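If you want the building blocks of each chain, they are given just below.
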Amino acid sequence: TVDVTVPALSLVALVGISGSGKSTFARRLFGPHEVLSSDAFRAMVSGDENDQSATADAFELLFAVAGKRLDRGLLTVVDATHVQPEARRKLVALARAHDVLPAAVVLDVPEAECAARNAARPDRQFGRGVLRRQSDQLRRGMRSLAKEGFRSVTVLRSAAEVDAARLVRTP
Ligand code: CTP
Ligand code: MG
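Residues numbered from 1 in each chain as written. Chains lettered and ligands numbered in written order. Predicted model: local features only at pLDDT ≥ 70, side-chain atom pairs only at ≥ 80, totals over all residues. Heavy atoms only, no water.

Peer 1: Can you lay out the sheet that holds strand E3 (residues 35–37) for me, pointing to particular residues and giving the numbers?
Peer 2: Strand order in this open sheet of 5 strands is E3-E4-E2-E5-E6, and the pairing throughout is parallel. The open sheet has two edge strands, E3 and strand E6 (152–156), and neither has a second partner. The average angle at which neighbouring strand axes cross in this sheet is 20°, direction not considered. Note: E3 against strand E4 (residues 76–79), 3 bridges, orientation parallel. (Pairing = 2+ DSSP bridges. Helix = DSSP H or I, 4+ residues; strand = E, 2+ residues; numbered from the N terminus. Axes fitted to C-alpha atoms, helices over the stretch in contact; angles between N-to-C directions.)

Quick look at the structure:
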């Protein structure tokens, strides 16, 4: 069993392609108000969690809420893919601006498994190209997370590891 160790006051980025199980993992290990999901914020501003044109507005609000929580000393998890370096850079900058530690939890689940899961979801009927692209981006970025500024990095290397992982909050 892998321990996911995060500082008690941290800004946690889940990192993983669509279908890797980020939202399921977050629901199991964190409190409902600790998790800010990009899909939920997209839905709030546009009425549709898949409306990509709402992404910028959604993240602006998500980051505003995250900042308020961090200023109150509350651990916050961002449930978004974070496969793009730019997305991770913004998260690290937000953590630094609020004097908390940025942590990364990578859900490295095989693309084929994620595709099979998504095929069963009514709300994730995008083509295989999307997953392919996300997977390539994830591969390229995975080794450099510590260099990007993440102070704690945990890589879960299979769906089984994701499902069994335990959360450890360090003081
Ligand atoms: N799932 C599963 N077994 C797991 C984890 C997830 O069957 N151990 C299923 C979920 O029920 C869901 C799908 O796989 O139907 C994707 O899981 P989810 O947690 O929603 O993945 P995310 O990474 O959050 O996907 P997205 O980026 O699209 O939100
Ligand atoms: Mg999700």
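What follows picks up the thread again.
Peer 1: Now, about the nonpolar core: what can you tell me, with residues and values included?
Peer 2: Counting residues in hydrophobic clusters, the biggest one holds 48 residues, and the most contacted among them are Leu-11, Val-12, Phe-25 and Val-105. Those residues in contact with Leu-11 that sit more than four places away from it in its chain are Leu-70, Thr-76, Val-78, Leu-91, Leu-94, Ala-95, Val-100, Leu-101, Pro-102 and Ala-103. (Core = buried A, V, L, I, M, F, W, Y, C linked by side-chain atoms within 4.5 Å. Buried < 20%, exposed > 50% of the residue type's maximum accessible area, 1.4 Å probe, protein only. Contact = heavy atoms within 4.5 Å.)

Peer 1: I'd like a description of the site of ligand 1, backed by residues and values.
Peer 2: Residues in close proximity to ligand 1 total 13 residues, the closest being Ser-18, Lys-22, Thr-24, Arg-124 and Asp-163. Within the contact set of ligand 1, an oxygen atom lies 3.0 Å away from a backbone nitrogen or oxygen of Gly-21. Between ligand 1 and Arg-117 there is a distance of 3.5 Å, counted from a nitrogen atom to a side-chain nitrogen or oxygen. Protein coverage of the free-state accessible area of ligand 1, which is 610 Å², stands at 73%. In terms of residue class, the shell around ligand 1 is built from 1 nonpolar, 6 polar and 6 charged. (Near = heavy atom within 4 Å. Polar contact = N/O pair within 3.5 Å; in protein donor to acceptor, adjacent residues only side chain to side chain. Areas by Shrake-Rupley, 256 points an atom, 1.4 Å probe, with all protein chains shown as cover. Nonpolar A, V, L, I, M, F, W, Y, C, P; charged D, E, K, R; others polar.)

Peer 1: How would you summarise helix H4 (residues 85–97) if you had to cite specific residues and measurements?
Peer 2: Helix length check: H4 (13 residues) gives 18 Å between terminal C-alpha atoms against 18 Å at 1.5 Å per residue, within 8%. Residues Arg-88, Leu-91, Val-92, Leu-94 and Ala-95 constitute the buried set of H4. The buried residues of H4 occupy an angular sector of 160° when projected down its axis, which confines them to one face. H4 presents Pro-85, Arg-96 and Ala-97 as exposed residues on the side facing more than 90 degrees away from its buried surface. The first or second residue beyond H4 is Asp-99, which carries a positive phi of 60°. (Expected span 1.5 Å × (residues − 1). Arc of directions from axis to C-beta.)

Peer 1: Describe a nonpolar patch on the surface, listing the residues and the values that go with them.
Peer 2: A contiguous nonpolar surface patch, about 270 Å² in accessible area, is contributed by Met-44, Val-45 and Leu-61. You can see Val-45 is positioned in helix H2 (residues 38–46). (Patch = residues over 30% accessible without salt bridge, like charges linked within 9 Å, V, L, I, M, F, W, Y side chains within 5 Å. Salt bridge = Lys/Arg side-chain N within 4 Å of Asp/Glu carboxyl O.)

Peer 1: Describe the pattern of salt bridges, naming the residues involved and giving the relevant values.
Peer 2: All chains considered together, the criterion is met by 13 salt bridges. We note a salt bridge from Arg-124 to Asp-39, for which the minimum N-O separation is 2.5 Å. Placement of the pair is Arg-124 in the loop between helix H5 (111–119) and helix H6 (128–141) and Asp-39 in helix H2, with a sequence separation of 85 residues. Taking relative accessible area as the criterion, Arg-124 reaches 8% and is therefore assigned buried. Linking Glu-148 and Arg-88 is a salt bridge whose minimum nitrogen-to-oxygen distance equals 2.7 Å. Here Glu-148 is found in helix H7 (residues 145–148), whereas its partner Arg-88 is found in helix H4, with 60 residues between them in sequence. Owing to a relative accessible area of 25%, Glu-148 belongs among the partly exposed residues under this scheme. Here Arg-88 falls in the buried class, since its relative accessible area comes to 1%.

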